[in-house]
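# Chains, contacts and geometry: an overview
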Amino acid sequence: MSVDSSAAGTPRRSAAGKAGTTGSKTGTKRTTSRTTTRTTTRTTTKKSAEPELVQLLTPEGKRVKNAEYDPYVAGITPDELRGLYRDMVLTRRFDAEATALQRQGELGLWASLLGQEAAQIGSGRATREDDYVFPTYREHGVAWCRGVDPTNLLGMFRGVNHGGWDPNSNNFHLYTIVIGSQTLHATGYAMGVAKDGADSAVIAYFGDGASSQGDVAESFTFSAVYNAPVVFFCQNNQWAISEPTEKQTRVPLYQRAQGFGFPGVRVDGNDVLACLAVTKWALERARSGEGPTLVEAYTYRMGAHTTSDDPTKYRADEEREAWEAKDPILRLRRYLEASHHTDEGFFAELETESEALGRRVREAVRAMPDPDHFAVFENVYADGHALVDEERAQFAAYQASFATESESGFAAGEGI
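I will try to describe carefully the structure that is included in this document. (Residues numbered from 1 in each chain as written. Predicted model: local features only at pLDDT ≥ 70, side-chain atom pairs only at ≥ 80, totals over all residues. Heavy atoms only, no water.)

This part is about the sheet that holds strand 6 (residues 264-268). The strand order across the open sheet formed by 5 strands is 1-2-3-7-6, and the pairing between neighbours is parallel. The sheet terminates laterally at strand 1 (132-134) and strand 6, the two strands that pair on one side only. On average, adjacent strands in this sheet sit at an angle of 20 degrees to one another, irrespective of strand direction. With 5 bridges connecting them, strand 6 and strand 7 (residues 293-298) associate as parallel partners. The residue bridging valine 265 from the neighbouring strand is valine 295, located in strand 7. (Pairing = 2+ DSSP bridges. Helix = DSSP H or I, 4+ residues; strand = E, 2+ residues; numbered from the N terminus. Axes fitted to C-alpha atoms, helices over the stretch in contact; angles between N-to-C directions.)

Encoded structure:
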């Protein structure tokens, strides 16, 4: 498979790695009509083969040789491969449980990672303990890799806290809801790391939609100019809520890095080995003083954007079915079985562990307190505000109406 990337950058400290790799030029011919251009882009996407990307495991579970990135996974053991599989299975089980809990009214909202397990586990396992991670609100797999208890992720979605973990305990920042702002946080932190002379790197996660935010462009500018040791990991799951990637960019996302003067690489986001290798390369590049890298993990959001979204309104079933054939967990399982690195006993034990995790998550959420319905009115203004007081009173009356209706309904039924 070919590697798509571009290279630039001046070493921050002594450069010890490759400045980047080269790849083929892609794109669509420009036309004078905006409508014609859009049609051409869509037609090309349908007729062309799979996009060129780094891939080490095919959807059928066959190992693909890659001279550039094979060295980064050359020493991986069967135990570690089984560990990657376990990480993905348990992360998916946790995610499914959280989705069910939201549907049952236990969580206010949930952002599923279904289909993106390889991108998150592969990149998460590439980090070192002293690296620092800045997530969005969907990086449940990365949190798992960083040792964050999955039950701690749920308090914010239940409305009982602003994040249930200490970011400095695991070098894993709190979830960021504001789209794209965590890339600025990561860049600033990485600039500080560089000034401290620390031998560590920073990785920031964001989606294809967030790549259109000004914060991301500013992060690219500052990180390039200051040669910050940061990896920008973009999970291109094809949809920014209901907007397809073709409405976000005229070129592949990884190519945006060229304009800022640092390398961009597109990797198969459903291939956990490729994600592990590429992220290791990018992090080592950052640590050795060669500056930022943009990694575009080409994957797919199998579920809804969040539990408040209905993807059936804007995307076809055939599209999802095509991506289901590229399932990251099934892909690694096929490779493990073909390589005789595991047996049915391993899968049976993992299924038991998966069910136990589901029970623990359910029990933990149901043991959490109910959210304070009136907390939203606090701290809006330092000295209070008449309009907020009025809204609080209206909300209190609304809440009280439920109790009144319940009592009157009970009274009406007493004589039955």
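When we look at a pair of aromatic rings, we describe it by the centre distance and by the angle of the planes. Taken as a whole, this structure holds 29 aromatic pairs when the rule is applied. Centre to centre, the rings of tyrosine 69 and tryptophan 281 are 5.8 Å apart; their planes meet at 90 degrees, and the pair counts as edge-to-face. Residue tyrosine 69 is found in the loop between helix 1 (34-47) and helix 2 (78-103), and its partner tryptophan 281 is found in helix 9 (residues 272-287); the two are separated by 212 residues along the sequence. As far as the burial class goes, tyrosine 69 and tryptophan 281 line up, both buried. Ring centres of tryptophan 110 and phenylalanine 157 lie 4.8 Å apart, and the angle between their planes is 65 degrees; on these two criteria the pair is classed as edge-to-face. Here tryptophan 110 is found in the loop between helix 2 and helix 3 (117-126), whereas its partner phenylalanine 157 is found in helix 5 (residues 154-158), with 47 residues between them in sequence. The rings of Phe94, Trp110, Phe157, Trp165, Phe172 and Tyr175 are connected pair by pair, giving a single aromatic cluster. A cation over an aromatic ring shows up here: lysine 326 above the ring of tryptophan 323, its NZ or CZ 4.1 Å from the ring centre. Above the plane of the ring of phenylalanine 347 lies arginine 333, whose end atom (NZ or CZ) is 3.6 Å from the centre. (Phe/Tyr/Trp six-rings, centres within 6.5 Å; stacked < 30°, edge-to-face > 60°. Buried < 20%, exposed > 50% of the residue type's maximum accessible area, 1.4 Å probe, protein only. Lys NZ or Arg CZ within 6 Å of the ring centre and 35° of its normal.)

Taken across its 5 residues, strand 6 has 5 buried, putting it largely inside the fold. Alternating residues of strand 6 divide into Gly264, Arg266 and Asp268 and Val265 and Val267, and every residue in both groups is buried. Handedness of the β-α-β unit built from strand 6, helix 9 and strand 7 comes out right-handed. (Right-handed = clockwise from strand over helix to strand, strands pointing away.)

On the secondary structure map, glutamate 139 appears in the loop between strand 1 and helix 4 (140-145). An unpaired buried charge is present at glutamate 139: no salt bridge exists, and arginine 138, the closest side chain of opposite charge, is 6.0 Å distant. Separated by 2.4 Å, the side chains of glutamate 139 and threonine 136 make a polar contact. When residues no more than four places from it in sequence are discounted, the contact partners of glutamate 139 are Gln120, Phe172, Tyr175, Tyr205 and Gln235. (Lys, Arg positive; Asp, Glu negative; His and termini not counted. Salt bridge = Lys/Arg side-chain N within 4 Å of Asp/Glu carboxyl O. Polar contact = N/O pair within 3.5 Å; in protein donor to acceptor, adjacent residues only side chain to side chain. Contact = heavy atoms within 4.5 Å.)

The next point concerns the packing of helix 2 against helix 12 (residues 344-366). It is the contact of helix 2 with helix 12, at a shortest axis distance of 9 Å, that shows an interaxial angle of 35 degrees. The chirality of how helix 2 crosses helix 12 is right-handed. From helix 2, Arg82, Tyr85, Arg86, Val89, Leu90, Arg93, Phe94, Glu97 and Leu101 reach across to helix 12, where they touch Phe346, Phe347, Leu350, Glu353, Ser354, Glu355, Leu357, Gly358, Val361, Arg362, Val365 and Arg366. The class makeup of the residues in the contact of helix 2 with helix 12 is 11 nonpolar, 2 polar and 8 charged. (Left-handed = near helix turned anticlockwise from the far one by under 90°. Nonpolar A, V, L, I, M, F, W, Y, C, P; charged D, E, K, R; others polar.)

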